[in-house]
Amino acid sequence: MPKKNQYTIVVTGGSRGIGREICKSLAIPDAHVYFNYFNPGDPEGEAAAAAETQKALEKKGTASSSYSVDVSSEVAVTEFFDTIINETGRVDVLVNNAGITRDSLLVRMKTKAWDDVLSINLKGTFLCSRIAAKVMMKQREGRIINIASVVGVTGNAGQANYVASKAGVIGLTKTLAKELASRGVTVNAIAPGYIETDMTATLPENVKDAFLAQIPLGRPGKPEDVASAVAFLASEKASYMTGQVIHVSGGMYI
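Here the structure is a predicted model, which means the values were calculated and not measured. (Residues numbered from 1 in each chain as written. Predicted model: local features only at pLDDT ≥ 70, side-chain atom pairs only at ≥ 80, totals over all residues. Heavy atoms only, no water.)

Some thoughts on the confidence of the model for the protein
Predicted coordinates in areas of low pLDDT are best not read in detail. For the protein, mean pLDDT is 96; residues scoring 70 or higher make up 100% of the total. Element-level mean pLDDT values for the protein span from 79 in helix α7 (residues 198–201) up to 99 in strand β4 (residues 93–96). (pLDDT = per-residue confidence, 0-100. Helix = DSSP H or I, 4+ residues; strand = E, 2+ residues; numbered from the N terminus.)

Printed below as a string of structure tokens:
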């Protein structure tokens, strides 16, 4: 069971892929990791994936709790954080990782596809950060780490909604860093490139080849590569870094 004043880590989208590796990278024995998952199209499958993340954390000796939470819902996010704060009274690290894609060329993009992606990727980051920031300001310490994307800097045809959401995350990161620095809270972003996940596994081979051609290191990244950068930003070794965007992209953006 969680304890009052226990070191508290919150990760959105922690049931699989990059999110699961982030949870594992932050697992320390005395911490409690809270993470959410959300997939209305396959709630049972997502719950099963979340259980696998919890098993992985248990093996590392770290306690965890998982909840189905739609991060685009202010009510759901508030309830999620109310649970956390009532149990531990703290938020030491927040990683805003939850994200979706609904790719299409702009002229064919449905308004719902635009709204869905901006709501999860950008609004969700805003809602979670707003609550966590208030707690961290009172603590006078904390880490907020936002998962952006290399395309939020470079742009990418067929992803106007996703690119806009991730560019927004980068701008939000820089603004929050300026607002929260005086209270000892750092805010940074990580911009992954082409990372091997369930999401990228469904891409056509010609699309994968096109991505690889843009990577100077000549290979896709792994979720662990992103998670390692998160662990660094969450550590004391990064205490003098804020408002930065770390690219984990094999050189896609230099």
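Having seen it, we continue.
So, the packing of helix α1 (residues 17–25) against helix α9 (residues 223–234)
Relative to each other, α1 and α9 sit at 40 degrees, their axes nearing to 8 Å. Our classification of the angle between α1 and α9 gives oblique. In terms of crossing hand, the pair formed by α1 and α9 is right-handed. Contacts between α1 and α9 involve G17, I18, E21, I22 and S25 on the former and, on the latter, P223, E224, V226, A227, V230 and A231. (Axes fitted to C-alpha atoms, helices over the stretch in contact; angles between N-to-C directions. Parallel < 35°, antiparallel > 145°, perpendicular 65-115°, else oblique. Left-handed = near helix turned anticlockwise from the far one by under 90°. Contact = heavy atoms within 4.5 Å.)

A short note on the pairing of strand β6 (residues 185–192)
For β6, the tally of buried residues reaches eight of eight residues, placing the bulk of the element in the interior. Burial along β6 is two-sided: V185, V187, A189 and A191 and T186, N188, I190 and P192, pointing in opposite directions, are all buried. By the bridge criterion, six bridges tie strand β5 (residues 142–147) to β6 in an arrangement that is parallel. Counted as the bridge partner of G142 is V185 from β6. (Buried < 20%, exposed > 50% of the residue type's maximum accessible area, 1.4 Å probe, protein only. Pairing = 2+ DSSP bridges.)

Thoughts on the state of the cysteines
Under the counting rule described, the total for this entry stands at zero disulfides. Of all cysteine sulfurs in the structure, the one in C128 sits closest to C23, which takes part in no disulfide; the separation is 13 Å. Under the relative-accessibility criterion, C23 is labelled buried at 0%. (Disulfide = S-S within 2.5 Å.)

Points about empty space enclosed by the protein
In this structure the tally under the stated criterion is one cavity of 30 Å³ or more. One number sums up the size of the largest cavity: a volume of about 40 Å³. Lining the largest cavity are T12, V71, N96, N97, A98, I120, G124, T125 and C128. Counting residues per element, the lining of the largest cavity draws most heavily on helix α4 (residues 111–139), at four residues. Among the residues making up the lining of the largest cavity, the classes are represented as four nonpolar, five polar and no charged. (1 Å grid on protein atoms, 1.4 Å probe; cavity = no way out; pocket = protein on both sides within 12 Å on 5 of 7 lines; lining within 4 Å. Points joined across faces, edges and corners; volume = space filled by probe spheres on them. Nonpolar A, V, L, I, M, F, W, Y, C, P; charged D, E, K, R; others polar.)

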